[in-house]
Each structure stands twice: as C-alpha cells, then as structure tokens.
Amino acid sequence: MLVRVENLEKSYGSGSERQAVLRGVSLAVSAGESLAITGESGSGKSTLLHLIGLLDAPDAGEIWIKDEDLSGLDDKGRAERRRHQIGLVFQQFNLVPSLSVKANILLQARLANRIDDAWIDALTERLDLNACLDRFPEQLSGGQQQRVAVGRALAARPELLLADEPTGNLDEETSAQVLDLMLELCADAHTALIMVTHSMTAAERLSRRVHLTGGQLT
Ligand SMILES: Nc1ncnc2c1ncn2[C@@H]1O[C@H](COP(=O)(O)OP(=O)(O)O)[C@@H](O)[C@H]1O
Ligand SMILES: [Mg+2]
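Structural notes, computed from the coordinates.

## Quick look at the pairing of strand 8 (residues 192-196)
- Of all 5 residues in strand 8, 5 are buried; the element is thus mostly enclosed.
- The two faces of strand 8 match: A192, I194 and V196 on one face and L193 and M195 on the other face are all buried.
- Two elements, strand 3 (residues 34-38) and strand 8, share 4 bridges in a ladder whose sense is parallel. Looking at strand 8, one finds that I37 is bridged to V196.
- As paired strands, strand 7 (residues 160-164) and strand 8 are joined by 5 bridges and run parallel to one another. Bridged to L161 within strand 8 is L193.
- Once the chain exits strand 7 it traverses helix 6 (residues 172-189) before rejoining the sheet at strand 8, and the crossover so formed is right-handed.

Listed below in structure tokens is the structure:
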C-alpha cells in the first residue's frame with residue numbers, strides 16, 4: 001500500500017464555534033492507483049486532501065506513506081516528505097508569477113534535488129509546453145497554466161499526485177484534455193493519483209471513487 005489513512009479527525013474553530021469537518025476518515029491507495037473523492041461543497045474534501053498532502057496536521061488519526069507514519073511529524077518533516085514524495089495541483093493553478101514556465105516546472109524537482117532531464121523533456125513535450133517555456137504564467141491561458149502546474153507536480157516523479165478540483169476553473173473541453181494528460185502521465189510515471197472533484201464525469205475516469213459526506217467516506 002502506498003498511502004494509508006486511518007481515522008482522521010479534523011475540526012476548525014473553538015468553543016461553540018467548533019465544527020468537526022472530518023469525523024474518522026480512512027482510505028488506502030496502492031502504488032499507481034487512482035482514486036476520486038467526491039462530495040458537496042463544504043464537505044471537507046480540500047481539508048482531507050491538505051492533510052494527506054502534509055500541508056496541515058490532523059487532530060487525530062494516522063497518515064502512512066509506504067511504511068512510515070507521518071502524522072507525528074513537525075512542519076519541517078512534513079515539508080521534507082512533501083517535497084520528495086508528493087505532487088500537488090490546485091484549482092487556482094498556484095504558479096509563481098515571477099518565474100518562467102520552465103522555472104515553475106523545475107521548482108519542486110530542484111528543491112528535491114531530483115532533476116531527470118529526459119523526463120522533464122518528455123513532460124514538457126507531452127504537455128505541449130515547449131513553445132512557451134520562457135513565458136510567464138500571466139501570458140498563458142487557463143488550460144496552459146494548469147498544464148504547467150501538472151508538469152511542476154510531476155517533474156520530480158513523485159509517488160503520489162494530489163489534485164484538488166484541478167479542472168474546476170477550466171471549460172469542458174480543456175478540462176477533458178488536462179484530465180487525460182494527468183491520467184496518462186501518472187500512468188507513465190507510475191504515480192498514484194488522488195483527485196477531488198465535484199464532476200461525476202471526471203470521477204468516472206479514475207479507477208475508484210469514494211464520497212465524503214457528514215465527515216465520513218462512503
Ligand atoms: N482554515 C479553515 N478555518 C476554518 N474553517 C475552515 C478552514 N478550512 C475549511 N474550513 C471549513 O471546513 C469545511 C470544509 O471545507 P473544505 O475542506 O474546504 O470543503 P470542500 O473542499 O469539500 O468544499 C467548511 O465548512 C469550511 O468553511
Ligand atoms: Mg475544496
């Protein structure tokens with residue numbers, strides 16, 4: 001098993017404002033597998049993905065990647081694991097505006113000290129970005145920006161790609177293209193994918209689906 005999540009709990013706020021968002025969430029994803037997480041707006045999908053992506057810490061429960069329990073790590077330890085093992089793609093692209101397309105793509109791979117030139121070349125080719133490597137994010141269409149984000153997330157060949165509504169800001173045709181590319185490239189790199197989406201059409205392209213409701217998966 002690549003990722004194993006056991007009984008995750010997460011609440012926000014305190015006192016009478018306290019809101020339990022995740023109430024014991026468990027899931028498992030094996031190497032190279034793809035899992036879609038669906039659920040209504042506000043059901044806690046992003047919260048769950050952020051915990052798996054080590055961007056935040058749970059109140060209770062465990063997150064295992066391979067044979068390591070990551071739930072007890074401090075911020076530094078989480079950042080280190082994230083850099084080496086996890087790629088992230090967000091709805092808002094989150095590219096660095098002051099960096100070229102090429103520099104954005106290399107960002108995480110450089111931090112992880114994992115630059116494989118042949119793989120980077122194959123990535124930019126497959127993502128159809130070779131003509132715009134020297135441009136800046138603001139000079140790109142939404143679809144191009146998300147392809148850059150996918151390239152950046154996969155540049156270091158992480159074992160796990162996490163995508164939070166990756167096609168939420170794209171039109172239908174562009175969404176389908178970006179999703180196709182993500183699935184193909186994950187298959188090539190043997191990268192597992194966990195994708196949050198409210199689109200059933202998108203969810204059905206992945207190998208498995210779970211639904212988040214009332215703070216639990218069904
Ligand atoms: N950092 C935060 N502080 C306080 N409340 C939050 C925070 N993040 C999310 N929430 C609340 O947690 C609930 C789940 O949010 P979220 O995980 O973003 O859901 P989804 O991605 O399914 O729309 C929402 O009610 C949201 O307002
Ligand atoms: Mg969300």
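## A word on the sheet that holds strand 2 (residues 19-29)
- Strand order in this open sheet of 4 strands is 2-1-4-5, and the pairing throughout is antiparallel. What marks the edges here is a single partner per strand, and that holds for strand 2 and strand 5 (68-69).
- Across 2 bridges, strand 4 (residues 60-65) lies against strand 5 in antiparallel orientation. The partner of I65 across the bridge, within strand 5, is E68.

## Structural notes on the site of ligand 1
- Lining the immediate environment of ligand 1, one finds Y12, Q19, V21, E40, S41, G42, S43, G44, K45, S46 and T47.
- Note that a nitrogen atom of ligand 1 is positioned 3.5 Å from one of the side-chain N or O atoms of Y12.
- Separating an oxygen atom of ligand 1 from a side-chain N or O atom of Q19 is a distance of 3.0 Å.
- In terms of residue count, the dominant contributor to the shell around ligand 1 is helix 1 (residues 45-52) (3 residues).

Parameters at a glance
- Residues numbered from 1 in each chain as written.
- Chains lettered and ligands numbered in written order.
- Predicted model: local features only at pLDDT ≥ 70, side-chain atom pairs only at ≥ 80, totals over all residues.
- Heavy atoms only, no water.
- Buried < 20%, exposed > 50% of the residue type's maximum accessible area, 1.4 Å probe, protein only.
- Helix = DSSP H or I, 4+ residues; strand = E, 2+ residues; numbered from the N terminus.
- Pairing = 2+ DSSP bridges.
- Right-handed = clockwise from strand over helix to strand, strands pointing away.
- Near = heavy atom within 4 Å.
- Polar contact = N/O pair within 3.5 Å; in protein donor to acceptor, adjacent residues only side chain to side chain.

Take it as geometry only, folks, not as evidence of what the structure does.
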